[in-house]
Amino acid sequence: MATLLIVHHTPSPNCQALFEAVVAGATTEDVEGVRVVRRAALSATASDVLAADGCLLGTPANLGYMSGALKHFFDQIYYPCLDTTKGRPFGFYVHGGNDVTGAVRGIETITTGLGWRRAAEAVTVTGEPGRADTEACWELGATVAAGLMD
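Caption draft 1: How the structure looks around the overall build of the chain. Within the chain, the regular secondary structure consists of five helices and seven strands. Beginning at the N terminus, the succession of helices and strands in the chain can be written as β-α-β-α-β-β-α-β-α-β-β-α. Relative to a compact globule of 150 residues, whose C-alpha radius of gyration would be 15 Å, the chain shows 14 Å and is just as compact. Scored against the burial criterion, the 150 residues of the chain give a buried share of 49%. Counting only contacts in the chain whose residues sit at least 6 apart along the sequence, the fraction spanning at least 24 positions is 84%. Of the roughly 7,000 Å² of accessible surface on the chain, a fraction of 48% belongs to carbon and sulfur atoms. Across the chain, the centroid of the 10 positively charged side chains sits 7 Å from that of the 16 negatively charged ones.

Encoded structure:
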């Protein structure tokens, strides 16, 4: 059975709504044979990443960058996972008050360094998430999870 690891930092109701939509998409009954593991960014480890077949990342944009929690996650897993996770599929979503550019750039830079392969377009949301935003997150979760099906 394939494993999808969802690593998230969810400090607000807006981030929670996006996270729940991603999980709902990843765990839809149409996706079979994929185990979904959820880890808060401050709790996720290199072992979690090494045991996963793909990753989904979620973060708020804080002060023009990804959250410190997601950056800490990357700092902890980068070298232990560098050689063995090249080519792994991933996706991500970012929520910000008015700008997510720096957070997106940071995630893209680090995942490029890791050699991960983007499996779906990023979902970026500013302000309060609307229906289209949560639907896009549902699709993100479903797409990344379905890509891991045998």
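Caption draft 2: Quick peek at the pattern of salt bridges. Summed over all chains, the structure comprises five salt bridges. Linking D75 and K71 is a salt bridge whose minimum nitrogen-to-oxygen distance equals 2.5 Å. Here D75 and its partner K71 are both found in helix α3 (residues 68-81), four residues apart, which amounts to about one turn of the helix. Within the structure, one salt-bridge network assembled from shared partners comprises E108, R118 and E121.

Caption draft 3: Just the packing of aromatic side chains, in detail. Tallied over the full model, the rule gives five aromatic pairs. A centroid spacing of 5.1 Å and a plane angle of 80° characterise the contact between Y78 and Y79, whose relative ring orientation is edge-to-face. Each ring, one from F90 and one from F92, has its centre 6.2 Å from the other, and the planes form 5°; the classification is stacked. Residue classification places F90 among the buried positions, given a relative accessible area of 2%. The class of F92 is buried, set by a relative accessible area of 0%. Three or more aromatic residues joined by ring pairs make a cluster, and in this case those are F73, F74, F90, F92 and W116.

Caption draft 4: Quick peek at the nonpolar core. Grouped together as the largest cluster of nonpolar side chains are 29 residues, with contacts concentrated most on L57, L70, F73, F74, I77 and W116. Those elements that place two or more of their residues in this core are β1 (2-8), α2 (46-51), β3 (54-62), α3, β5 (89-96) and α4 (101-114). Counting residues per element, this core draws most heavily on α3, which supplies six residues. Discounting chain neighbours no more than four positions away, the residues touching L57 are V7, L70, F73, F74, F90, G91, F92, Y93, I107, T111 and W116. Residues L18, V22, V36 and L56 belong to the second largest nonpolar core, which totals 22 residues.

Reading the values: rules and limits
- Residues numbered from 1 in each chain as written.
- Predicted model: local features only at pLDDT ≥ 70, side-chain atom pairs only at ≥ 80, totals over all residues.
- Heavy atoms only, no water.
- Helix = DSSP H or I, 4+ residues; strand = E, 2+ residues; numbered from the N terminus.
- Rg over C-alpha atoms; globule rule 2.2 N^0.38 Å.
- Buried < 20%, exposed > 50% of the residue type's maximum accessible area, 1.4 Å probe, protein only.
- Contact = heavy atoms within 4.5 Å.
- Areas by Shrake-Rupley, 256 points an atom, 1.4 Å probe, with all protein chains shown as cover.
- Lys, Arg positive; Asp, Glu negative; His and termini not counted.
- Charge placed at Lys NZ, Arg CZ, Asp CG, Glu CD.
- Salt bridge = Lys/Arg side-chain N within 4 Å of Asp/Glu carboxyl O.
- Phe/Tyr/Trp six-rings, centres within 6.5 Å; stacked < 30°, edge-to-face > 60°.
- Core = buried A, V, L, I, M, F, W, Y, C linked by side-chain atoms within 4.5 Å.

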